[in-house]
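# Architecture and fold: a report
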Amino acid sequence: MITLCRRAALATTIFVLATTVLVACRTAAPPATATLTILYDNYVHDPTLESGWGFACLVETAGSTVLFDTGASGESLLKNMAALGKDPLAVDAVVLSHAHDDHTAGLAALLAAGARPKVYLLSSFGSDYLRMVRTYTEPVLVAKPTEIAPGISTTGRVTGPVPEQALVVRTAEGLTVVTGCAHPGVVKMVQQAIDATGQQVTLVLGGFHLADATEAHIKDIIDQLRELGVKRAGPSHCSGDQARALFEASFDDGYIALGVGQVVVVGP
Ligand SMILES: [Zn+2]
Ligand SMILES: [Zn+2]
């Protein structure tokens, strides 16, 4: 009887230890800060850099470097990286938001320069593009929310007129969502980040696809983002001048005038 009790106690101890380890893994502390650098955009922050229609954002944490989108020109992407002191070979992973050239065309030059990142893309990408990626590295087809690196994940495929994924960066400040064009709708993409993580999104930046939207529609988007808890916003790329002005008026100090060369440090 005593032996049985001891065995039961031992089993309980092992179970508690295993559960503790599991919980610890799930709640592992994210990097305290992340540095986001806009490497490609049609809006300009640093006029010494090359700009063009498209978007690319480098996310750097203490442990990893992830490139989200690659712009429309590999030549400009690499020139801007060199000007900003960013090493293409340091890129651990590339996440491509959706299959439009202004977000994907820069990748070939990055790979040709010797970078061998994991490339995360969607099933909507064409076979020619997948073949190009496979020449250098193995593509990862994303459907569900997926962790890319500690504290950095993708929303997974968000359905819409053009399927798209957004990058989710977890720091001590909360979640940051980076969007390429947000064709499915920026609110829907932020909502998917919240649903996937159960955490609050405090900052959203990137393309919001509101260039042709009415003032009333943009104001409604702003209201919905605020209701979701968003405190700071940096609409860029395909967001449009009107949306940038309305976001600035609404978010005030929380507005980020995003453009190529802009550096956003997230965290305390
Ligand atoms: Zn775009
Ligand atoms: Zn697009």
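Given the structure is predicted, the values throughout are model-derived calculations rather than measurements.

### What about helix α6 (residues 186-197)?
The terminal C-alpha atoms of α6 lie 17 Å apart, and with 12 residues this matches the ideal 16 Å at 1.5 Å per residue to within 8%. Looking only at α6, the buried set comprises V186, V187, M189, V190, Q192 and A193. Each element contacted by the buried residues of α6 is listed here: β9 (167-171), β10 (174-179), β11 (201-207) and α7 (215-227). With its phi angle positive at about 70 degrees, G198 sits one or two positions after the end of α6.

### A word on the pairing of strand β7 (residues 146-149)
Of the pairings in the sheet, the one linking β7 to strand β8 (residues 152-154) comprises three bridges and is antiparallel in character. Looking across to β8, one finds that A149 is bridged to I152. Hairpin remark: β7 followed by β8, antiparallel, with two residues in the connecting loop; positive phi at G151, about 85 degrees.

### Topic: the confidence of the model for the protein
Close inspection of predicted coordinates is inappropriate for parts of the model with low pLDDT. Confidence along the protein averages 91 in pLDDT terms, with 89% of residues attaining 70 or more. Within the model, the stretch residues 1-27 combines pLDDT values under 50 with zero contacts to residues more than four positions away or in other chains.

### Describing the packing of α6 against α7
Taken N-terminus to C-terminus, the directions of α6 and α7 make an angle of 10 degrees; their axes are 10 Å apart at the nearest point. When the axis of α6 is compared with that of α7, the two are roughly parallel. Of α7, the residues touching α6 (which contributes V186, V187 and V190) are I221, Q224 and L225.

### Overview of the environment of V263
Checked against the element boundaries, V263 lands in strand β13 (residues 263-266). For V263, a count of 13 C-beta atoms within 10 Å translates into the label partly exposed. Separated by 224 residues in the primary sequence, V263 and L39 have C-alpha atoms spaced 9.4 Å apart. Residue contacts for V263: discarding those within four places in its chain leaves T35 and T37.

Parameters and conventions
- Residues numbered from 1 in each chain as written.
- Chains lettered and ligands numbered in written order.
- Predicted model: local features only at pLDDT ≥ 70, side-chain atom pairs only at ≥ 80, totals over all residues.
- Helix = DSSP H or I, 4+ residues; strand = E, 2+ residues; numbered from the N terminus.
- Expected span 1.5 Å × (residues − 1).
- Buried ≥ 20, exposed ≤ 12 C-beta atoms within 10 Å, placed from the backbone.
- Contact = placed C-beta atoms within 7 Å.
- Pairing = 2+ DSSP bridges.
- pLDDT = per-residue confidence, 0-100.
- Axes fitted to C-alpha atoms, helices over the stretch in contact; angles between N-to-C directions.
- Parallel < 35°, antiparallel > 145°, perpendicular 65-115°, else oblique.

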